[in-house]
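# Coordinate inspection notes
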Amino acid sequence: MSTPGVLTFTQQAWEQVLAKVKRAVVYLDAACAESLHWGCGSSRLLEAVGNSACYLREFEPAAVGGGAEQPKAVFVLSCLLKGRTVETLRDIICRSHFQYCVVVTAVNHAVHLTANHVPPAAAAELEGQQPVFEQLEEKLCEWMGNMNYTAEVLHVPLLLACAAPHLALTPAFASLFPLLPQDVHILNRARSDKRRLGNLAEVDATTLTPELLLTIRCLVSGLSSLCEHLGVREECFAVGSLSRIIAADLANFAPAKNRRKTATGRASVVFVDRTLDLTGAVGHHGDNLVEKILSVLPQLPGHTNDVMVNMVELTALQAEEENQNMVAPGCLAQSNDPAAKALWEALLNTKHKEAVMEVRRHLVEAASRENLPIKMSMGRVTPGQLTSYIHLFKNNLKALGNHCGLLQLGLATVQTLKHPQTAKWDNFLAFERLLLQSIGESTMSVVLNQLLPMIKPSNQRTNDDYSPEELLVLLIYIYSVSGEFSVDKDLGEGEEKVKKALARVFCEESELSPLLQKITGCDSSINLTFHKSRRAVDELFTSLRDIAGARNLMKQFKSVYVPGNHTHQASYKPLLKQVVEEIFNPERPDPVDIEHMSSGLTDLLKTGFSMFMKVSRPHPSDHPLLILFVVGGVTVSEAKMIKDLVPSLKPGTQVIVLSTRLLKPTSIPELLFTTDRLHPDLGF
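Residues numbered from 1 in each chain as written. Predicted model: local features only at pLDDT ≥ 70, side-chain atom pairs only at ≥ 80, totals over all residues. Heavy atoms only, no water.

- If you check an unreviewed UniProt entry, the chain appears there as Sec1 family domain-containing protein 2 isoform X5 from Tursiops truncatus.
- The heading Sequence similarities (unreviewed entry) in the UniProt record of the chain holds the text "Belongs to the STXBP/unc-18/SEC1 family." (UniProt positions renumbered as here; feature names shortened; annotations may be inferred.)

Quick look at the structure:
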């Protein structure tokens, strides 16, 4: 059997689901569909159903029910079985002819007790019992119309979408994002009769909204199952305010206490708030082909971590716009194709130039194996050259079937290299480098003045100019990399000029993008007045100021900016790199900003005794496995950097990078400016 890891965790979880789906109508929500997509693929699910008239359906209120010839249904859900989710279950079942219903939830029963306000002491007495699931089983039979029909409700930890052996995402928590100082004011408004919170450092689990606290508990439930699968007892650490709450919740998660007693392995789990460094999330310094693919190709509907690859080139259809939707899109996840999966992992772990050469090598080898008439050419790889290799497979159905995954990745590469936004990537990079030099030599107002001429209305923009969404990306870069700065009259004037220009540009857009619709609260540019636009821009700048001050509470990780000198230009040093270097600092100083979360009295005693006796405190470098969880998203370049850095600092240490989602530069404006951080949607 393979060594336990994120992929075996996901595959074993799906095997439990697949064992239930024979001859069933299967309903999946988006997050579970994404986990399946990366873990074992929809074809594996279709095989397990084994019915030529197999039906896979999206779990939603309008979903089609099951007919008289469809007596069995399996619902695979990432969320709590409560509220709207249960109502949707009822509605689908009541309009169907099911006699056997299985409901799989990714959230364990203990969290369902919490969601139903069962006190911890009472929950502890229910160990081994599952009253919430049993009550729902009765309801399922009632909705099917016969109490003698079969109903089953079970927990399976379908937490992860595995992008690679070292990198996994949590689709159900893609919108989870660390809090900002402005959120403290919102929390205080709900605490009229209690002590006011001074800053994010004072925010703990007792002060959060019930929705956010339950979201964290659902995430912790899945992470605890992962640690159980890995066979480890975990020590929890945190960098940042929301990470501290998540780490403390995992450390003290009641169902984890028993499994920790018998675990033979050890691991450090370090949570890091994304908001402490948004520079790396919006910057264009990552020399990685996959980052560019994610940035320029359209998102796969219902997914947060994959894209649509246009496959028309491999058909006899003309590549006209009206034909684009006639052929199902390709994608990046190739869970059932070993050759394509090997290429995908190579793309994740190599620089842009090497990645493009790797795509060519794989296409050439595949064409040679199929005896296709390939013309070899060396030197620089061009989109035209790759296209010519891909076209060799076009009229050979057997070759097409054998190498379908590889051809999807090849076409993703070609479409990215030819995309106009890819040419703009270097423009972003040049401007970001210019900003780094300016920040060291000038005040913030001077830096903002450099941006001002680039803010142009749509009727004055060329393809090389920046759209409103791209300007927001640059503003986030500026405020995040600058960090704390002094507010003076010049800065106020500089910000005012940028605000006015930006508000005017928003108003003059002929059509508002989905992001601008969310930011302004207007679904059409006709309804967007300058007053509404200006109010929205003022709110954006409140968030930007919060981002600039995000590291204020840090003592050690206060900056990601390295000033230039006579031998080196100013540069950006990723916070994640600083965290990993500090974890594996050979001198092993007590971490300053990496807080350890105690999991009970023993840990507290250790910490207390260590103040006056030689008792070593838990340290994140103590264990052979490091799990680094970035709350709010991670880029492909950051994951690669961590994967390469850890073994270079401490050989033999295994590292797994987890995060809520894969990021591209334009992900951050949406997460930062339009996400309700305090009230995530739990489905009820």
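Right, picking up where we left off after that structure.
### What to know about the environment of Asp 287
- Within the secondary structure layout, Asp 287 lies in the loop between helix H12 (279–282) and helix H13 (289–296).
- When the C-alpha positions of Asp 287 and Ser 637 are compared, they lie 7.5 Å apart, and in sequence the two are 350 residues distant.
- Among residues more than four places away in sequence, those in contact with Asp 287 are Lys 292, Thr 350, Lys 351, His 352 and Ser 637. (Helix = DSSP H or I, 4+ residues; strand = E, 2+ residues; numbered from the N terminus. Contact = heavy atoms within 4.5 Å.)

### Side note on the packing of aromatic side chains
- One pass over the structure, following the stated rule, counts eight aromatic pairs.
- With a centroid separation of 6.1 Å and 85 degrees between ring planes, the pair formed by Phe 59 and Phe 75 is classed as edge-to-face. Placement of the pair is Phe 59 in the loop between strand E2 (55–58) and strand E3 (72–77) and Phe 75 in strand E3, with a sequence separation of 16 residues.
- Judged by relative accessible area, which is 13%, Phe 59 ranks as buried.
- Both rings, one in Phe 271 and one in Phe 629, keep their centres 5.5 Å apart while their planes meet at 40 degrees; by these two values the pair is tilted. Pair noted here: Phe 271 is in strand E9 (residues 265–273) and Phe 629 is in strand E13 (residues 625–631), with a separation of 358 residues, a long-range link.
- You can call Phe 629 buried: its relative accessible area is 0%. (Phe/Tyr/Trp six-rings, centres within 6.5 Å; stacked < 30°, edge-to-face > 60°. Buried < 20%, exposed > 50% of the residue type's maximum accessible area, 1.4 Å probe, protein only.)

### A short note on the packing of helix H19 (residues 420–441) against helix H20 (residues 444–451)
- As a packed pair, H19 and H20 sit with axes 9 Å apart at the nearest point and diverge in direction by 155 degrees. One way to sum up the angle between H19 and H20 is to call them roughly antiparallel. Judged by the twist between their axes, the crossing of H19 over H20 is right-handed. Here Phe 431, Leu 435, Ser 438 and Ile 439 of H19 lie close against H20, whose contacting residues are Val 447, Gln 450 and Leu 451.
- Among the residues making up the contact of H19 with H20, the classes are represented as five nonpolar, two polar and no charged. (Axes fitted to C-alpha atoms, helices over the stretch in contact; angles between N-to-C directions. Parallel < 35°, antiparallel > 145°, perpendicular 65-115°, else oblique. Left-handed = near helix turned anticlockwise from the far one by under 90°. Nonpolar A, V, L, I, M, F, W, Y, C, P; charged D, E, K, R; others polar.)

### Thoughts on empty space enclosed by the protein
- Enumeration according to the criterion identifies three cavities of 30 Å³ or more in this entry.
- Taken as a whole, the largest cavity spans an internal volume of roughly 100 Å³.
- Along the walls of the largest cavity sit 13 residues, with Trp 38, Cys 162, Ala 163, Ala 164 and Lys 341 positioned nearest its centre.
- The residue inventory of the lining of the largest cavity, partitioned by class, reads nine nonpolar, two polar and two charged.
- Lining the lining of the largest cavity are residues from two domains, each supplying at least three of them: domain 2 (159–277 + 572–683) and domain 3 (289–418).
- Empty space within the second largest cavity amounts to approximately 80 Å³.
- Considering the residues around the second largest cavity, the lining is formed by Ser 78, Ala 106, Val 107, Pro 157, Leu 158, Leu 159, Ala 172, Phe 173, Cys 218 and Gly 222.
- Each residue belonging to the lining of the second largest cavity can be placed in one class, and the counts come to eight nonpolar, two polar and no charged.
- Two domains each provide a minimum of three residues to the lining of the second largest cavity, namely domain 1 (6–158) and domain 2 (159–277 + 572–683). (1 Å grid on protein atoms, 1.4 Å probe; cavity = no way out; pocket = protein on both sides within 12 Å on 5 of 7 lines; lining within 4 Å. Points joined across faces, edges and corners; volume = space filled by probe spheres on them. Domains from an automatic or database assignment.)

### A closer look at the domain arrangement of the chain
- Under the domain assignment, the chain is made up of domain 1 (6–158), domain 2 (159–277 + 572–683), domain 3 (289–418) and domain 4 (422–549).
- Placing a centre on the C-alpha atoms of domain 3 and another on those of domain 4 gives a separation of 35 Å.

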